[in-house]
Amino acid sequence: MNEYIVSLEQEGKRLDVFLTEVIEGSRSYIQSLIKSGHVQVNGKVGKANLRLNVDSVVSVEIPEPESVEVLPEDIPVEYLYEDHDIIIINKPRGMVVHPAVGNYSGTLVNALLHHCKDLSGINGEIRPGIVHRLDKDTSGVMMAAKNDAAHIGLAEQVKAHSAKRTYLALVQGNIVEEKGIIKAPIGRHPKDRMKMAVVFENSKDAITHFKVLERYGYQTLVECVLETGRTHQIRVHFAHIGHPVVNDPFYGYRRMDFPIEGQVLHSHTLDIVHPITGKEMHFEAPVPEDFQNCIEFAKEYRERR
């Protein structure tokens, strides 16, 4: 049983919001802990919307996780680099990064378990080796760790924002600026808990730098550099400024029949310092064919108009 004391700065916060700040886990996981009676406030079972008083004692019992066997699977994946410590992957669009409830096969983790014998265990048996993730329908370069020392080193670079990641996105509309910075906090959508949104309560700072690479009249190709790494950050930020990523099923709209499944978003480059050797390293995932087809589609649409 873990115990936490509510500080003066935390007074008045909802129980579920308080727990998202003091323990690891998604909001849905924390909600499930509360609903199942694993959270008490001053010795009494708490409810998610309970407002906390200063010096209240919040007790959390973390149940033993259910044992789930994640099996190696011979799934073809392009590996951009590999050594004894790290592995760099060009994740294909449509592939889920790690298993989740009801989906324990066909993921990148299943492929990694087949490809290499050792992966770091910091994230547990469901997400071995996974330092960061990409959305299912976002393609491109991402990294994984083969041992805990490498995992810690890479995770520290992600947290300190020294691991530089650039993305390519085809977005709706004509962005007139040559470059810009989108600075808007991101948190759970207040009405749809499956989505993220720009919100000013229960949110975290989020900053996206972008520059325009090419304009097609009705769409714009942009390069994005993340200063922070929030869930769905690029997708939420560009929807917020009125230029959603083309074909985004969550935050965009379908006005033309682009030849792609999911959003036109690609993790293009990654710059890191090797967590063991200290060597500066650069990796690049080529623009995939379906992304390039969308660019050609945008060009042809402009010409037809």
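Worth saying up front: this structure is predicted, and the values here are computed from it rather than measured.

## Section: the overall build of the protein
Tallying secondary structure elements over the protein gives six helices and 16 strands in all. Compactness check: the protein gives a C-alpha radius of gyration of 21 Å against a globular reference of 19 Å for 305 residues, within 12% of the reference. Taken along the three principal axes of its C-alpha coordinates, the protein extends 70 × 45 × 35 Å. For the protein, with 305 residues in total, the buried portion stands at 46%. Within the protein, residue pairs in contact and separated by at least 24 positions form 63% of the contacts whose partners lie at least 6 positions apart.

## Looking at the packing of aromatic side chains
Geometry of an aromatic ring pair is reported as the spacing of the ring centres plus the angle between the planes. With the rule as written, the count across this model stands at five aromatic pairs. Ring centres of Y81 and F283 lie 5.5 Å apart, and the angle between their planes is 45°; this geometry places the pair in the tilted category. Taken together, the residues Y81 in strand β5 (residues 78–82) and F283 in strand β16 (residues 280–284) connect sequence positions 202 residues apart. What makes Y81 partly exposed here is its relative accessible area of 27%. Summarising the aromatic geometry, the rings of Y218 and Y301 are spaced 5.3 Å apart at their centres and angled 85° between planes, so their arrangement reads as edge-to-face.

## Here's the deal with the side chain of H237
Among the secondary structure elements, H237 is positioned in helix α5 (residues 233–240). What H237 contacts, discounting residues up to four positions off in sequence, is I182, A184, I186, V198, A206, I207 and T208.

## Digging into the sheet that holds strand β12 (residues 203–204)
Reading across the sheet, the three strands line up as β11-β10-β12 and stay open at both edges, with antiparallel pairing between neighbours. Each of the sheet's edge strands pairs with one partner strand only, and the pair in question is β11 (196–198) and β12. In the packing of α5 onto the sheet, the strands contacted are β10 (186–188) and β11, and the crossing angle to β11 comes to about 45°.

## Digging into helix α3 (residues 108–115)
Since the α-helix packs 3.6 residues into each turn, any two residues three or four apart lie on the same face. Those residues of α3 lying buried are L108, V109, N110, A111 and L112. In this structure, the buried side of α3 is in contact with β5, β6 (86–91) and β7 (139–145). Backbone nitrogen of V109 and a side-chain oxygen of the N-cap are separated by 3.3 Å at the start of α3; the cap is T107.

## Details of unusual backbone geometry
Positive phi, close to 55°, is recorded for N42, a residue that is not glycine. Note on placement: N42 falls in the loop between β2 (39–41) and β3 (44–45). Unlike most non-glycine residues, D55 shows phi in positive territory, near 70°. Secondary-structure assignment places D55 in the loop between β3 and β4 (57–60).

## Thoughts on the sheet that holds β3
Reading across the sheet, the four strands line up as β1-β4-β2-β3 and stay open at both edges, with antiparallel pairing between neighbours. Looking at strand neighbours, the two that pair on one side only are β1 (2–5) and β3, the edges of this open sheet. In the sheet, β2 pairs with β3 via two bridges, with the strands oriented antiparallel. Among the inter-strand pairings, Q40 is bridged to a residue of β3, identified as V45. Each of β1, β2 and β4 is contacted by helix α1 (residues 15–22), which is oriented at about 70° to β4, the strand it contacts most.

Calculation criteria
Here the residue numbering is sequential within each chain, running from 1 through the sequence in written order. Confidence filtering applies because this is a predicted model: local features only for residues at pLDDT of at least 70, side-chain atom pairs given and counted only at 80 or more, and all residues used for totals across whole chains, interfaces and linings. Based on all heavy atoms of the structure, the side-chain values leave hydrogens and waters out of the count. Helix and strand assignments come from DSSP, with helices taken as H or I runs of at least 4 residues and strands as E runs of at least 2, each series counted from the N terminus. For this measure, only C-alpha atoms enter the radius of gyration; the expected value for a globule follows 2.2 Å times N^0.38, where N is the number of residues. Partly exposed residues are those whose accessible area sits between 20% and 50% of the maximum for their type, while under 20% is buried and over 50% is exposed, using a 1.4 Å probe and protein chains only. Whether two residues touch is decided by their heavy atoms; if any such pair falls within 4.5 Å, the residues are in contact. Whether two aromatic rings pair depends on their centres lying within 6.5 Å, for rings of Phe, Tyr and Trp, where Trp uses its six-membered ring; planes under 30 degrees apart make the pair stacked, over 60 edge-to-face, and the rest tilted. Strand pairing is assigned whenever DSSP detects at least two bridges linking the two strands. Geometry is summarised by axes, namely lines fitted to C-alpha atoms with helices restricted to the contacting stretch, and by angles between N-to-C directions that run from 0 to 180 degrees. Each polar contact in these results corresponds to two N or O atoms within 3.5 Å; when the atoms are within protein, one needs to be able to donate a hydrogen and the other to accept it, and residues that are neighboring in sequence are counted only if both atoms are side-chain atoms.

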